[in-house]
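# Tertiary structure, described
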Amino acid sequence: MIRVENLHKEFDGKEVLKGISIEYKAGECSLIIGASGSGKTVLLKNLVGLHTPTSGEIWYDDKAFTTLKEKQRKELRKEMGMLFQGSALFDFATVEENIMFPMDFFTDWSKEEKLDRANFCLKRVHLENANKKYPNELSGGMQKRVGIARAIALNPKYLFCDEPNSGLDPTTSIVIDRLIQEITQEYNITTVINTHDMNSVMEIGDKIGFIYQGQKLWEGSNREILKSDCKELNDFVFASNMAKQLRALMK
Ligand SMILES: Nc1ncnc2c1ncn2[C@@H]1O[C@H](COP(=O)(O)OP(=O)(O)OP(=O)(O)O)[C@@H](O)[C@H]1O
Ligand SMILES: [Mg+2]
């Protein structure tokens, strides 16, 4: 469980997050949606500790993240898997080495143990036999799967994904979404995903938080989103004319 309490973030006096409160549960895919520039990535970066909040608190189960000492922060950081915009794989390293990178950094496992774990993660994302390939030899969808394998390398309790579908076609996007959802449920992970993608919202959105200009204007499930009364949310969801017509038909 992650609980965000009245989170504010300013850059040079400009407030980007304006008091966000929301809770994310284990075993669920929670989505952060909103227009470009609304503050989704900044929120995610605060969650993982890449930004320090100006004020507010982030609870990881019973731990208040911002008040932790460096050693405890590192322990907690070990429990977080991340899949950031693009796959952010290291081009100079093979698939196997990419997946072993967090193990090199955070564990003292032997080479065999690391290889075993890398193979397990690769199998989990259906990419057996890609060990010795380099990222530029893989398709975009395969690169994302390597990114997911790396994100789950340390068996995380928390998983963060920033636009996991960017650059993918709709069919591959759904494959990636379902993989993230399966892994979330299988290992009871608290997963938080930033997305623009309404397909993802409808497919895997156990919980959705809509951010508008740094504020959370709405939260609910994918079943509730189409019936919402929030004007800004409806403008975002039904941005195209076709979607507007669809909504009119549903009423
Ligand atoms: N390091 C930074 N310093 C100053 N301003 C920043 C910084 N990072 C983000 N911002 C500003 O915060 C606002 C929100 O940015 P953010 O990247 O969170 O948007 P987003 O919702 O993720 O958009 P997109 O959908 O395009 O990824 C923007 O106005 C951006 O310019
Ligand atoms: Mg972003």
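Everything below is about the structure printed above this text.
Residues numbered from 1 in each chain as written. Chains lettered and ligands numbered in written order. Predicted model: local features only at pLDDT ≥ 70, side-chain atom pairs only at ≥ 80, totals over all residues. Heavy atoms only, no water.

### Re the sheet that holds strand 5 (residues 63-64)
- With antiparallel pairing, the four strands of this open sheet are ordered in space as 2-1-4-5. Of all the strands in the sheet, the pair left with one neighbour each is strand 2 (14-24) and strand 5.
- Both strand 4 (residues 55-60) and strand 5 contribute to a ladder of two bridges, which runs antiparallel. Paired with Trp59 across the strands is Ala64, a residue of strand 5. (Pairing = 2+ DSSP bridges. Helix = DSSP H or I, 4+ residues; strand = E, 2+ residues; numbered from the N terminus.)

### Quick look at the packing of aromatic side chains
- According to the stated counting rule, one finds seven aromatic pairs in the structure shown.
- Between Tyr60 and Tyr158 the ring centres are 4.7 Å apart and the planes differ by 80°, which places this aromatic pair in the edge-to-face class. On the criterion of sequence distance, the pair formed by Tyr60 in strand 4 and Tyr158 in strand 7 (residues 158-162) is long-range, its members being 98 residues apart. Each member of the pair, Tyr60 together with Tyr158, is buried.
- Ring geometry for Phe105 against Phe106: centres 4.9 Å apart, planes inclined by 85°, an arrangement best described as edge-to-face.
- Under the relative-accessibility criterion, Phe105 is labelled exposed at 53%.
- The structure contains a cluster of three or more aromatic residues connected by ring pairs, namely Tyr60, Phe65 and Tyr158.
- Its guanidinium or amino end placed over the ring of Phe65, Arg73 lies 4.5 Å from that ring's centre, counting from NZ or CZ.
- Stacked on the ring of Phe105, the Lys or Arg Lys74 has its end atom at 5.3 Å from the ring centre. (Phe/Tyr/Trp six-rings, centres within 6.5 Å; stacked < 30°, edge-to-face > 60°. Buried < 20%, exposed > 50% of the residue type's maximum accessible area, 1.4 Å probe, protein only. Lys NZ or Arg CZ within 6 Å of the ring centre and 35° of its normal.)

### Points about the site of ligand 1
- Around ligand 1, a shell composed of 14 residues is seen, among which Ser36, Gly37, Lys40, Thr41 and Val42 lie nearest.
- Residue Ser36 places a side-chain N or O atom 2.5 Å away from an oxygen atom belonging to ligand 1.
- Taking Thr41, its side chain carries an N or O atom lying 2.8 Å from an oxygen atom of ligand 1.
- For ligand 1, the accessible surface in isolation is 640 Å², of which the surrounding protein chains cover 63%.
- If you tally residues by element for the shell around ligand 1, the top one is helix 1 (residues 40-48), at three residues.
- Split by residue class, the shell around ligand 1 holds four nonpolar, seven polar and three charged. (Near = heavy atom within 4 Å. Polar contact = N/O pair within 3.5 Å; in protein donor to acceptor, adjacent residues only side chain to side chain. Areas by Shrake-Rupley, 256 points an atom, 1.4 Å probe, with all protein chains shown as cover. Nonpolar A, V, L, I, M, F, W, Y, C, P; charged D, E, K, R; others polar.)

### Some thoughts on the nonpolar core
- Ranked by size, the top nonpolar core spans 44 residues in total, and within it Ile33, Ile99, Ile148, Ile180, Ile225 and Leu233 carry the most contacts.
- For this core, the leading source of residues is helix 3 (residues 95-106), giving five residues.
- Not counting the four nearest positions on each side in its chain, Ile180 is found in contact with Cys29, Leu83, Ile148, Leu159, Cys161, Pro164, Thr191 and Ile193.
- Judged by nonpolar contacts, the second largest core, of 26 residues, contains Tyr60, Phe65, Leu68 and Val192. (Core = buried A, V, L, I, M, F, W, Y, C linked by side-chain atoms within 4.5 Å. Contact = heavy atoms within 4.5 Å.)

### Quick word on the pattern of salt bridges
- All chains considered together, the criterion is met by 10 salt bridges.
- Close ionic contact of Glu219 with Lys207 constitutes a salt bridge, the shortest N to O distance being 3.0 Å. Within this pair, whereas Glu219 is found in strand 10 (residues 215-220), its partner Lys207 is found in strand 9 (residues 207-212), the two being separated by 12 residues in sequence.
- In this structure Glu219 comes out as partly exposed when scored by relative accessible area, which is 33%.
- A relative accessible area of 17% means that Lys207 is categorised as buried.
- Between Glu219 and Lys216 there is a salt bridge whose closest N-O contact spans 2.4 Å.
- Its relative accessible area of 27% is what places Lys216 among the partly exposed residues. (Salt bridge = Lys/Arg side-chain N within 4 Å of Asp/Glu carboxyl O.)

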